[in-house]
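# An overview of the molecular structure
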Amino acid sequence: MTADTREPVLIITDIGRDIDDTIALMVASQTCHIVGVVTCGGAGQKRAASAAHFLKYAGLDVSKVPICIGDTDAEYSDTSALGCSMDPSWAAPETVREDPDAFIIELAEKYKSSLVIICIGPMVPLAKAVKADKNGALWKVRSIGLQGNVQEVMVESPDGEVDEETGKVKLVGTGKIEPLAEAFNFRQHMQDASLVLDRLSGFVPFQVVSKNAAYKVSLQLDDVSFLGADSAGEAVSEQTTLFRMNNREKFMQVFPLRAKYEGQVELYDADDWYKYTDHVCTPYDPLVVLSYHDSSMFDFAQIGTLHLYAGVDPENSGVRKASTFIKAIADLGTKAKEAGDAAAAKAASAGEAAPAPAEAPAPAEEAPAPAEE
């Protein structure tokens, strides 16, 4: 088999919380060499099972893409958003690991300055690795991609220079960045998000895509037709079940009904609610993956000394043309599904167990899902 020469990427994800993580994983399967997946956001076994399922669905050999459970429910003080929607028939691989600090450091030591870490969930496992990294392997990776909102760390001018307008000591940038609580991924465990950025952002380039960018790109059902073997709508519905059932008011804001159904809120009670709205996904996480695939799609702003930031504010979203992102997601997702279909056919012809189709996950008996990322 020919070696994969694409960029090695480690993905840290809270897959199963919303459909955008699943889409991001499928897009990544076509744009980079996924060398590992670490779950976060609690519900470790379920997220590992979901990640394994969709890696197979995209045609990847799960035995060659190690999966590690990155944290536990007990590590989160707010357990209201730890739900994971998945089909109960899915199972995590027997080889799944549960030592995220060692796992992440091993990959950093193996791939060195070529490794990209894409973190599209809470940074709990990455913080564990940072604290355990005695040889500084993580300080030498090529880049870390984040979904969230950040700002440069500012301090008072060391020479005490005073701003004439305010009469206060001027603030100067340190070159480092810090997380903002408006980002769900950071807010879930702000202490660890702050630790990672404090320790690494003075050395490692971060590539950050905020929700201000994601809000400019709206995916409709046809754009994600690659998600379901039979019904993409069912896949979308089931993977947003927790959100719909437990944060209804916000859900209705995020997924507004078409004008002709306005006011018919009872439609949200049905599993096929997606038939009455145009918007089915805000692609927070797929945009982070795409930023490494084709950075020309973005208008990045430089923040701090080393970092790129798309979506500084709502007026500066960093998205050049929404339709370009929609097409890229649809095309790459379709290629992933085709790769999975080909792998399934090959396995079937060889008399092996084929990867399961992407059936819609059953609702999880978990706590409420978050309103946004």
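Residues numbered from 1 in each chain as written. Predicted model: local features only at pLDDT ≥ 70, side-chain atom pairs only at ≥ 80, totals over all residues. Heavy atoms only, no water.

### Details of the side chain of Asp133
Cut-off, in case you're wondering: A helix here means a DSSP run of H or I that spans at least four residues, while a strand means a run of E at least two residues long, and both kinds are numbered starting from the N terminus. Whether a residue is buried, partly exposed or exposed follows from its accessible area with a 1.4 Å probe, protein chains only, as a fraction of its type maximum: under 20%, in between, or over 50%, in that order. Just so you know, the count uses Lys and Arg for positive and Asp and Glu for negative, and it drops His and the chain ends. By definition, a salt bridge exists where a carboxyl oxygen of Asp or Glu is found within 4 Å of a side-chain nitrogen of Lys or Arg. Side-chain atoms alone can form a polar contact between residues adjacent in sequence; in general such a contact is a pair of N or O atoms within 3.5 Å, and within protein one must be able to donate a hydrogen while the other accepts it.
The topology assignment puts Asp133 in the loop between α4 (124-132) and β5 (143-147). One buried charged residue, Asp133, remains without a salt bridge, the closest side chain of opposite sign being Lys140 at 8.0 Å. Side-chain polar atoms of Asp133 contact the backbone nitrogen of Ala137, separated by 2.8 Å. Of the polar contacts made by the side chain of Asp133, one reaches the backbone nitrogen of Leu138; its length is 2.7 Å.

### Observations concerning the packing of helix α1 (residues 19-31) against helix α2 (residues 44-57)
If you want to describe how two helices pack, look at the angle between their axes and the distance between the axes. Our working definition: Working convention: axes come from line fits to C-alpha atoms, limited for helices to the stretch in contact. Angles between N-to-C directions cover 0 to 180 degrees. An angle below 35 degrees is read as roughly parallel, one above 145 as roughly antiparallel, one from 65 to 115 as roughly perpendicular, and any other as oblique. Crossing handedness follows the turn of the near helix against the far one: under a right angle anticlockwise gives a left-handed crossing, and clockwise gives a right-handed one. Residues are treated as being in contact if the distance between any of their heavy atoms lies within 4.5 Å. Residues are grouped as follows: Ala, Val, Leu, Ile, Met, Phe, Trp, Tyr, Cys and Pro are nonpolar; Asp, Glu, Lys and Arg are charged; all remaining types, including Gly, are polar.
The contact between α1 and α2 brings their axes to 10 Å, and the two run at 40°. Classified by the angle their axes make, α1 and α2 are oblique. At the point where α1 passes α2, the crossing takes the right-handed sense. Of α2, the residues touching α1 (which contributes Thr22, Leu25 and Met26) are Ala51, Phe54, Leu55 and Tyr57. In terms of residue class, the contact of α1 with α2 is made up of six nonpolar, one polar and no charged.

### Looking at the sheet that holds strand β8 (residues 206-209)
This is how it is decided: At least two bridges found by DSSP between two strands are what make those strands a pair.
Ordered by their spatial adjacency, eight strands build an open sheet running β3-β2-β1-β4-β5-β8-β10-β9, and the pairing between neighbours is mixed. The open sheet has two free edges, formed respectively by β3 (67-69) and β9 (301-303), since each of these has just one partner strand. The average undirected angle you get between the axes of adjacent strands in this sheet is 20°. Across three bridges, the pairing between β9 and strand β10 (residues 307-310) is antiparallel. Looking at β10, one finds that Gln302 is bridged to Leu308. The sheet strands contacting α1 are β1 (8-13), β2 (33-39) and β4 (116-120), and the helix crosses β2 at an angle near 160°.

### Focus: the packing of aromatic side chains
For clarity, the cut-off: Each aromatic pair joins two rings of Phe, Tyr and Trp (for Trp, the six-membered one) with centres within 6.5 Å, and gets the label stacked for planes under 30 degrees apart, edge-to-face for over 60, and tilted for any other angle.
Counted according to the given criterion, the structure contains eleven aromatic pairs. Summarising the aromatic geometry, the rings of Phe298 and Phe300 are spaced 5.1 Å apart at their centres and angled 25° between planes, so their arrangement reads as stacked. On the accessibility criterion, Phe298 (2% relative accessible area) is buried. Look at Phe300 and you get partly exposed, because its relative accessible area is 22%. Each residue in the set Phe251, Phe255, Tyr268, Trp273 and Tyr274 is aromatic and connected to the rest through ring pairs, giving one cluster.

### Let's talk about the side chain of Asp192
Positionally, Asp192 belongs in helix α6 (residues 190-200). Despite being buried, Asp192 has no salt bridge partner; Lys131 is the closest side chain of opposite charge, sitting 4.2 Å away. In this structure, Asp192 is in contact with Met123, Val124, Ala127 and Lys131, ignoring residues within four places of it in sequence.

### Let's talk about the pattern of salt bridges
For the structure on display, the rule yields 15 salt bridges. Here Lys337 makes a salt bridge to Asp341, at a shortest N to O gap of 3.2 Å. Here Lys337 and its partner Asp341 are both found in helix α12 (residues 322-349), four residues apart, which amounts to about one turn of the helix. One connected set of salt bridges, linked through shared partners, spans Arg97, Asp99 and Glu106.

### Notes on the nonpolar core
What counts, and what does not: Each nonpolar core is a collection of buried residues, namely Ala, Val, Leu, Ile, Met, Phe, Trp, Tyr and Cys, held together in the definition by side-chain atoms within 4.5 Å.
One finds Ile23, Ile34, Ile67, Leu227 and Leu287 to be the most contacted residues of the largest nonpolar core, which totals 72 residues. Non-local contacts of Ile23, meaning those with residues more than four positions away in its chain, are made with Leu219, Val224, Phe226, Leu227, Cys281, Pro286 and Ile329. Of all hydrophobic cores here, the second largest spans 42 residues; its members include Ile117, Cys119, Ala127 and Ile303.

### Let's talk about the confidence of the model for the protein chain
Under the convention used in this document: On a range of 0 to 100, pLDDT expresses the predictor's confidence in each residue.
Confidence in the prediction of the protein chain, expressed as mean pLDDT, is 89, and 92% of residues score 70 or more. Within the model, the stretch residues 357-371 combines pLDDT values under 50 with 62 contacts to residues more than four positions away or in other chains.

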